[in-house]
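Architecture at a glance
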Amino acid sequence: MAKVTELSQLDMNGSYCYADYLTWRLDQTVELIKGKIFTMSPAPNVKHQRISGKLFLDLGAYFKSQSCEVFAAPFDVKLYDRRKSKLSDREVFSVVQPDLCVICDKNKLTEQGCDGAPDWIIEVLSPGNNKKELRFKYDLYQESGVGEYWLVFPYERAVQQFVLDRDGEVYRLHGLYAGDETVQPYLFPELKIDLVEVFAE
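A brief look at the structure comes next. (Residues numbered from 1 in each chain as written. Predicted model: local features only at pLDDT ≥ 70, side-chain atom pairs only at ≥ 80, totals over all residues. Heavy atoms only, no water.)

**What about the overall build of the chain?**
Across its full length, the chain holds 4 helices and 13 strands. Here the C-alpha radius of gyration of the chain, 17 Å, is about what a compact globule of 201 residues would show, namely 17 Å. Viewed in the frame of its principal axes, the chain has a C-alpha envelope of about 55 × 35 × 30 Å. Considering the chain as a whole, with its 201 residues, one finds that 47% of them fall into the buried category. Contacts in the chain between residues at least 24 apart in sequence constitute 56% of all its contacts with a sequence separation of at least 6. The distance from the centre of the 24 positive side-chain charges to the centre of the 31 negative ones in the chain is 2 Å. (Helix = DSSP H or I, 4+ residues; strand = E, 2+ residues; numbered from the N terminus. Rg over C-alpha atoms; globule rule 2.2 N^0.38 Å. Buried < 20%, exposed > 50% of the residue type's maximum accessible area, 1.4 Å probe, protein only. Contact = heavy atoms within 4.5 Å. Lys, Arg positive; Asp, Glu negative; His and termini not counted. Charge placed at Lys NZ, Arg CZ, Asp CG, Glu CD.)

Given below as structure tokens:
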């Protein structure tokens, strides 16, 4: 089999698994969502990196004395139906690289990244994110059992906070926060994040 080093060598309408993904040597970063290839935006801009970096520092300081850990992209997260046990790489068809994720179950950590749903995922949006990608990720995180999911809008200076319902089946919008507010994760209510600081230029 020819070594895959260019995106043009792949069928963008084809279906791939994590085992395929591990063999690729692409310059461009891609994600797999239910077997389909999604190209990630070019290198994030300064605004994106500044916000992501501040959130990482806030989370890192808080979780330093906790059993959970925070990880920043690039970091592979393998996702699948939460009702299934761990799957082989050939049985996994979704691998994403969230901007930030918090993992409390150490058994999910592997040499490659995270095997299964993180407790909390934060995505800082870039101009290159498209609505189709966002919808697919929302559905994927929901069915995989990601307990809390934040969408951060840098230009609107806003945060959408989604939390799985009591049955752990469906996301509900738990909060919508403007850039002058303080937000608390539902799963970690002792952590308070000042959005004024996060969005400061």
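**Some words on the nonpolar core**
One recurring pattern in soluble globular proteins is that nonpolar side chains are buried together. One finds Leu55, Leu59, Trp120, Ile122 and Ile193 to be the most contacted residues of the largest nonpolar core, which totals 23 residues. Mapped by element, the contributors of at least two residues to this core are α2 (46-63), β6 (100-103), β8 (120-124), β9 (148-153) and α4 (195-199). Per-element accounting of this core gives the leading share, 5 residues, to α2. For Ile122, the residues in contact, after removing those within four places along its chain, are Leu55, Leu59, Pro98, Asp99, Leu100, Trp150 and Val152. (Core = buried A, V, L, I, M, F, W, Y, C linked by side-chain atoms within 4.5 Å.)

**Structural notes on empty space enclosed by the protein**
The tally for this structure, following the rule as stated, stands at 1 cavity of 30 Å³ or more. The volume enclosed by the largest cavity comes to roughly 30 Å³. Around the largest cavity, the lining residues are Lys47, Arg50, Ile51, Val198, Phe199, Ala200 and Glu201. Where the lining of the largest cavity is concerned, the elements lending two or more residues are α2 and α4. The leading source of residues in the lining of the largest cavity is α2, at 3 residues. Residues belonging to the lining of the largest cavity are distributed by class as follows: 4 nonpolar, no polar and 3 charged. (1 Å grid on protein atoms, 1.4 Å probe; cavity = no way out; pocket = protein on both sides within 12 Å on 5 of 7 lines; lining within 4 Å. Points joined across faces, edges and corners; volume = space filled by probe spheres on them. Nonpolar A, V, L, I, M, F, W, Y, C, P; charged D, E, K, R; others polar.)

**Digging into the state of the cysteines**
Defined simply, a disulfide is a covalent bond joining two cysteines at their sulfur atoms. One pass over the structure, following the stated rule, counts 1 disulfide. Residue pairing for Cys68: its cysteine sulfur links by disulfide to Cys104, the two sulfurs lying 2.0 Å apart. Here the disulfide of Cys68 and Cys104 is right-handed, its torsion about the S-S bond being about 100 degrees. Linking Cys68 in the loop between α2 and β3 (69-72) with Cys104 in the loop between β6 and β7 (113-115), this pair joins segments that are 36 residues apart in sequence. Free of any disulfide, Cys17 has its nearest neighbouring cysteine sulfur in Cys114, separated by 18 Å. A relative accessible area of 4% means that Cys17 is categorised as buried. In this structure Cys101 is a free cysteine whose sulfur lies 6.1 Å from that of Cys114, the closest cysteine sulfur available. Using a relative accessible area of 2% as the deciding quantity, one classes Cys101 as buried. (Disulfide = S-S within 2.5 Å.)

**Digging into the pattern of salt bridges**
Side chains bearing opposite charge may pair, as long as their charged atoms lie close to each other. Scanning the entire structure with this criterion turns up 12 salt bridges. Taking the shortest distance from any N to any O, the salt bridge between Glu201 and Lys47 comes out at 2.7 Å. Within this pair, whereas Glu201 is found in the segment after α4, its partner Lys47 is found in helix α2, the two being separated by 154 residues in sequence. Residue Glu201 pairs with Arg50 through a salt bridge whose shortest N-O separation is 3.3 Å. One end of the pair, Glu201, is in the segment after α4; the other, Arg50, is in helix α2, and 151 residues separate them in sequence. Look at Glu201 and you get exposed, because its relative accessible area is 59%. Here the salt bridges do not stand alone but share partners, grouping Glu31, Glu123, Glu133 and Lys137 into one network. (Salt bridge = Lys/Arg side-chain N within 4 Å of Asp/Glu carboxyl O.)

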